Amino acid sequence: MAETATAPLATALDYDPFRPDFYTSDPFGTYRRMRDEAPVYWSERWGWYALTRFEDVRAAALDADTFRSFEGMDIDDSRLEQVPPGSIGSMDNPRHDEVRSVVQPYFLPRRIAQLEDGIRAVVRELVDSWRDRGAGGRGTVDLAQELAWPMPFDVFFHLMGLPSRHDDDPLERARRDQLEHWTHELKDRVPGTPHLTPVARAATAGVQQFFIDLLEDRRRAARDDLVTAFVNADIDGVPFVGERVTTESEVSGLMMILFLGGVESTAGLTGTLFELLAENPDQRALLQADPSLVPAAVEEAMRLITPLQLTARTTSREVTLHGVTIPAGGRVVLIPGAANRDERQFPDPDAFDITRPRGRHLGFGEGVHGCLGAPLARLEARIALEEALPVLGDYQPAGPPTFYPSSPNMYVWKNLPITFGRDGRRPHVEAVSHRTTTVTLATTEFEAEALVVAKREEADGVVSLSLREAGDRPLPAWGPGSHVDLVLDGAPTRQYSLCGDPADHHGYRLGVLRDPDGRGGSRYVHDRLAVGDRVRVRGPRNNFPLVASPRYLFIAGGIGITPVLPMIRAAEAAGADWRLVYGGRRRASMAFLDELAAYGDRVSVRPQDETGLLDLDALLGTPQPDTLVYCCGPEPLLAAVEQRCAGWPHAALHVERFAPRPQGEPARTEAFEVDLGRSELTLTVPPDRSILSVVEEAGVGVLSSCAEGTCGTCETAVLGGVPDHRDSVLTDDERQANDCMMICVSRARTDRLVLDL
Ligand code: FES
């Protein structure tokens, strides 16, 4: 019997920017259909038309005689209540140009350029407030709340001569906080409707009065700020405030527009920029390699996700477009957010491509109502990238971003949590000791010559080394769980956990177990290295970071106690509820017992010859709520702990291996190709060789250390293809992200990998 094909039912084209989930449920798909199926869209529900094609939106914005602004440029109540009639957003010419001529000089690019140092100081202060969270491990930051929003707030406050967040006067700080608070409340809408809530109305009244009071303040005492400039401005000798502009409330409306436009849209642009770079690591890598692309990245973000998605006009005459007649007095919504993705104007319009040939986009509007503050927004976004990106490195989302409950016009993020750190340092070129030779290569690693200032026997077969930088300069910051490479002349480079105090910026302490069957690194340390000798240290890096938790169970076996020592110190300092179970063969072979004694019965010392093997069933048999398990020790202990924790919540268990985790067969046994994007090389990796060795043979410098997938040194960003992860460093989540790999041991699941080398 022949099958009957049934065409899927076309869904109705429903454009409703008041719908609470509109901007989080693929608005760009709706826009695409509007451009194709209804370029002049009629909203029966709201009684307005909408234009979405680039040429149509641009033509309407440029034809201010036909598409007028006297009914305001918003589509909700805010056009009437938050921007009073008669203020610049509701003005047509010639009045609009007259008023704009007063404000415009303060926003000319050359005038804005003079603000660069001040804006950079604002951004640096914000970045400095979270920069150290990524030192020595993965830290988290909310880029919306801790950069994208506060930056334009601070800049606007500075422009308006308003108190800074550090103002000495608590009353001034309170005024500032109140204004900031109101700004968010202004956005409160009755869900699914164009109506402001009473909270938004009260906030609107508060902000307007704030600006009216501010004008009065500056009348009494002039300052070097924009508000004083308004007070003193004139148009052809006639005072600006009180004459040409008839009421102060109109000027307060003007300031409201500057405020909302300057803060919210810049927060939107900046947040989106970092969000797009997180989603597009290939573009981020391009930007990191060539910072001259920063302005292009800003423009591309503005095009792709335009903060001001729509604006409204009212027709002064009948207009016929694409066969649809809009009557005189018709309300028309122009959607730059849709026009900027018009395939008739932009090839591959949904792609974020910072190398896209520069072309006109409508992100800052066009015509008489083109964005006054565009030079300022561009400058702020550029500085945010320049200052934050080197600190953030190859950051990754730490959770789903949340959307700001904003007006129907705006596309702005409320929260953008990301993690950054381990690989968050700026790549630089330096000469480093690489195996037995010194090579020059691009690295994010720190390497320093250090002096052995103390060597102490901690237990049978265990010594600790205390190191200081040879010039007594500070060493890189680190966090619990970090390790460094000890680069020794005449012995293999080995990795050792840092077991000192992270607060000591001038010293590292390592614990080293003599391994008679090892490759010789520990024997060298035990037998030959002496106080006063020089060694090289590289790193630190952290594959075993301590995640904040109210409760911890630490399990250490033998020399696995070393990374745990700074962890328990941190847990104690944080007031966490923690416990350490420390196993070893014999008491005499268990290091640092004297230090551990200070923690009393939080620490259980379990020498095997006295108490037998650790009772892991008792420790781990029942998953404990809100508890993270950290384990370091020999492979049998780790495997047993992993098995017992199989039923624990996802991500409750954290382990660190000193030896490679046993691996199954590789996913494929044939050769595969690696494309090295930056080196412009394509190489074949045969089944019996590692990517690392093939890449090195081709003359591409890659820092590596353990060559067995345990140290994380050779971590390389993956730009394409799917790796076959065979390391002992990455967590399951990191493996599934497939955006980096350890090329000393990991291979490919696909015919080809594209690596950032
Ligand atoms: Fe250590 Fe690759 S060199 S993980």
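Fair warning: this is a prediction, and the values are worked out from it, not measured in the lab. (Residues numbered from 1 in each chain as written. Predicted model: local features only at pLDDT ≥ 70, side-chain atom pairs only at ≥ 80, totals over all residues. Heavy atoms only, no water.)

**Re the overall build of the protein chain**
Stage number 1. Per the secondary structure count, the protein chain includes 24 helices and 34 strands.
Stage number 2. Along the first, second and third principal axes, the C-alpha set of the protein chain runs to 95 × 85 × 50 Å.
Stage number 3. When each of the 757 residues of the protein chain is scored for burial, the buried share is 54%.
Stage number 4. Within the protein chain, contacts between residues at least 6 apart in sequence are counted, and of these 68% link residues at least 24 apart.
Stage number 5. By element, 51% of the accessible surface of the protein chain is carried by carbon and sulfur atoms, the whole surface being about 32,100 Å².
Stage number 6. Positive and negative side-chain charges of the protein chain, numbering 80 and 113 respectively, have mean locations separated by a distance of 2 Å. (Helix = DSSP H or I, 4+ residues; strand = E, 2+ residues; numbered from the N terminus. Buried < 20%, exposed > 50% of the residue type's maximum accessible area, 1.4 Å probe, protein only. Contact = heavy atoms within 4.5 Å. Areas by Shrake-Rupley, 256 points an atom, 1.4 Å probe, with all protein chains shown as cover. Lys, Arg positive; Asp, Glu negative; His and termini not counted. Charge placed at Lys NZ, Arg CZ, Asp CG, Glu CD.)

**Here we look at the pairing of strand E7 (residues 311-315)**
Stage number 1. For E7, a buried count of five out of five residues is recorded, marking the element as mostly surrounded by other parts of the structure.
Stage number 2. Covered by surrounding structure in E7 are Thr311, Arg313 and Thr315 together with Ala312 and Thr314, the residues of both alternating faces.
Stage number 3. The sheet contact formed by strand E3 (residues 67-68) and E7 spans two bridges and is antiparallel. When the sheet's bridge partners are listed, Phe67 is paired in E7 with Thr315.
Stage number 4. Of the pairings in the sheet, the one linking E7 to strand E10 (residues 331-334) comprises four bridges and is antiparallel in character. (Pairing = 2+ DSSP bridges.)

**Section: the pattern of salt bridges**
Stage number 1. Tallying each qualifying case throughout the model produces 51 salt bridges.
Stage number 2. Across the pair Glu343 and Arg35 runs a salt bridge whose closest N-O atoms are separated by 2.9 Å. On the criterion of sequence distance, the pair formed by Glu343 in the loop between helix H15 (336-339) and helix H16 (374-392) and Arg35 in helix H1 (residues 27-37) is long-range, its members being 308 residues apart.
Stage number 3. Overall, the relative accessible area of 35% leaves Glu343 in the partly exposed class.
Stage number 4. The class of Arg35 is buried, set by a relative accessible area of 1%.
Stage number 5. Arg541 is paired through a salt bridge with Asp485; the nearest N and O atoms lie 3.0 Å apart. One end of the pair, Arg541, is in strand E22 (residues 534-542); the other, Asp485, is in strand E19 (residues 482-487), with 56 residues separating them in the sequence. Judged on exposure class, the residue Arg541 and its partner Asp485 are both buried.
Stage number 6. Members of the salt-bridge network, linked through shared partners, are Glu116, Arg120, Arg124, Arg382, Glu386 and Glu387. (Salt bridge = Lys/Arg side-chain N within 4 Å of Asp/Glu carboxyl O.)

**Focus on the confidence of the model for the protein chain**
Stage number 1. Counting all residues, the mean pLDDT for the protein chain is 85, and 90% of those residues have values of 70 or more.
Stage number 2. Within the model, pLDDT remains below 50 along residues 1-10, and this stretch shows zero contacts once partners closer than five positions in the same chain are excluded.
Stage number 3. Between residues 422-444, whose pLDDT stays under 50, and residues either more than four places distant or in other chains, the model counts 70 contacts. (pLDDT = per-residue confidence, 0-100.)

**Some remarks on the packing of aromatic side chains**
Stage number 1. Throughout the structure, instances matching the rule amount to 28 aromatic pairs.
Stage number 2. Three or more aromatic residues link up through ring pairs in this structure, and these residues are Tyr15, Phe22, Tyr23, Phe28, Tyr31, Tyr41, Trp48, Phe403, Tyr411 and Trp413.
Stage number 3. In this structure, Arg284 is placed above the aromatic ring of Tyr395, and the distance from its NZ or CZ to the ring centre is 4.7 Å.
Stage number 4. Lying across the ring of Phe346, Arg303 places its NZ or CZ 5.1 Å from the centre. (Phe/Tyr/Trp six-rings, centres within 6.5 Å; stacked < 30°, edge-to-face > 60°. Lys NZ or Arg CZ within 6 Å of the ring centre and 35° of its normal.)

**Some thoughts on the environment of Val333**
Stage number 1. Note on placement: Val333 falls in strand E10.
Stage number 2. If sequence neighbours within four positions are ignored, Val333 has contacts with Tyr15, Trp48, Tyr49, Ala50, Leu51, Ile75, Leu310, Thr311 and Ala312.

**What to know about helix H2 (residues 54-62)**
Residues lying three or four places apart along an α-helix face the same way, a consequence of the helix completing one turn every 3.6 residues.
Stage number 1. All of the buried residues in H2 are Phe54, Asp56, Val57, Ala60 and Ala61.
Stage number 2. Contacts from the buried residues of H2 go to strand E2 (48-51), E3, strand E8 (319-321), E10 and H15.

**Description of the packing of helix H8 (residues 150-159) against H16**
Stage number 1. Remark: H8 packs on H16, axes separated minimally by 11 Å, with the N-to-C direction vectors making an angle of 130°. The angle between H8 and H16 falls in the class oblique. Where H8 crosses over H16, the two elements pack in a sense that is right-handed. In contact with Met151, Pro152, Val155 and Leu159 of H8, H16 contributes Leu376, Glu380, Ala381 and Ala384.
Stage number 2. A breakdown of the residues in the contact of H8 with H16 according to their chemical character gives seven nonpolar, no polar and one charged. (Axes fitted to C-alpha atoms, helices over the stretch in contact; angles between N-to-C directions. Parallel < 35°, antiparallel > 145°, perpendicular 65-115°, else oblique. Left-handed = near helix turned anticlockwise from the far one by under 90°. Nonpolar A, V, L, I, M, F, W, Y, C, P; charged D, E, K, R; others polar.)

**So, the nonpolar core**
Stage number 1. In terms of nonpolar packing, the biggest core is built from 105 residues, with Tyr15, Leu143, Leu392 and Tyr395 touching the most fellow members.
Stage number 2. Per element, the largest residue contribution to this core is 14 residues, and it comes from helix H12 (residues 248-279).
Stage number 3. Counting residues in each nonpolar core, the second largest holds 26 residues, with Ala459, Ala576, Trp578 and Leu580 among its members. (Core = buried A, V, L, I, M, F, W, Y, C linked by side-chain atoms within 4.5 Å.)

**Re the sheet that holds strand E18 (residues 462-469)**
Stage number 1. Ordered in space as E20-E19-E22-E17-E18-E21, the six strands form an open sheet in which the pairing is antiparallel. The sheet is open, and its two borders are formed by strand E20 (494-497) and strand E21 (507-513), each paired with just one other strand. Between one strand axis and the next, the sheet turns by 40° as a mean value, whatever way the strands run.

**Notes on the environment of Glu343**
Stage number 1. The spacing of Glu343 and Arg53 is 290 residues in sequence and 9.0 Å in space, taken between C-alpha atoms.
Stage number 2. Setting aside residues no more than four positions away along its own chain, Glu343 makes contact with Arg32, Arg35 and Pro349.

**Section: helix H22 (residues 635-644)**
Stage number 1. By the burial criterion, the buried members of H22 are Leu637, Leu638 and Val641. Along the long axis of H22, the arc covered by the buried residues comes to 95°, so they all point the same way. Along H22, the residues that are exposed and aim more than 90 degrees away from the buried face are Pro636 and Gln643.
Stage number 2. Buried-residue contacts for H22 involve strand E23 (551-557), helix H21 (616-620), strand E26 (627-632) and strand E27 (653-656). (Arc of directions from axis to C-beta.)

**Overview of the sheet that holds E27**
Stage number 1. Here we have five strands laid out as an open sheet, ordered E25-E24-E23-E26-E27, and parallel in their pairing. Looking at strand neighbours, the two that pair on one side only are strand E25 (603-607) and E27, the edges of this open sheet. With strand direction ignored, the average angle separating the axes of adjacent strands in the sheet is 15°.
Stage number 2. Of the pairings in the sheet, the one linking strand E24 (residues 577-584) to E25 comprises five bridges and is parallel in character. Considered in E25, the bridge of Gly583 is made with Arg606.

**Considering the packing of helix H14 (residues 294-304) against H16**
Stage number 1. Where H14 contacts H16, the axes come no closer than 9 Å and their chain directions differ by 120°. As summarised for this structure, H14 and H16 are arranged oblique, according to the angle between their axes. Crossing of H14 over H16 shows right-handed handedness. On the side of H14, the interface is formed by Val294, Pro295, Ala297, Val298 and Glu299, while H16 contributes Arg378, Ala381, Arg382, Leu385 and Glu386.
Stage number 2. Across the contact of H14 with H16, the residue classes tally to six nonpolar, no polar and four charged.

**Some remarks on unusual backbone geometry**
Stage number 1. Look at Asp348: it is not a glycine, yet its phi comes out positive at around 45°.
Stage number 2. With respect to the helices, strands and loops of the structure, Asp348 is situated in the loop between H15 and H16.
Stage number 3. You will see that Asp626, though not glycine, has its phi angle at about 55°, which is positive.
Stage number 4. Looking at where Asp626 falls in the secondary structure, it is placed in the loop between H21 and E26.

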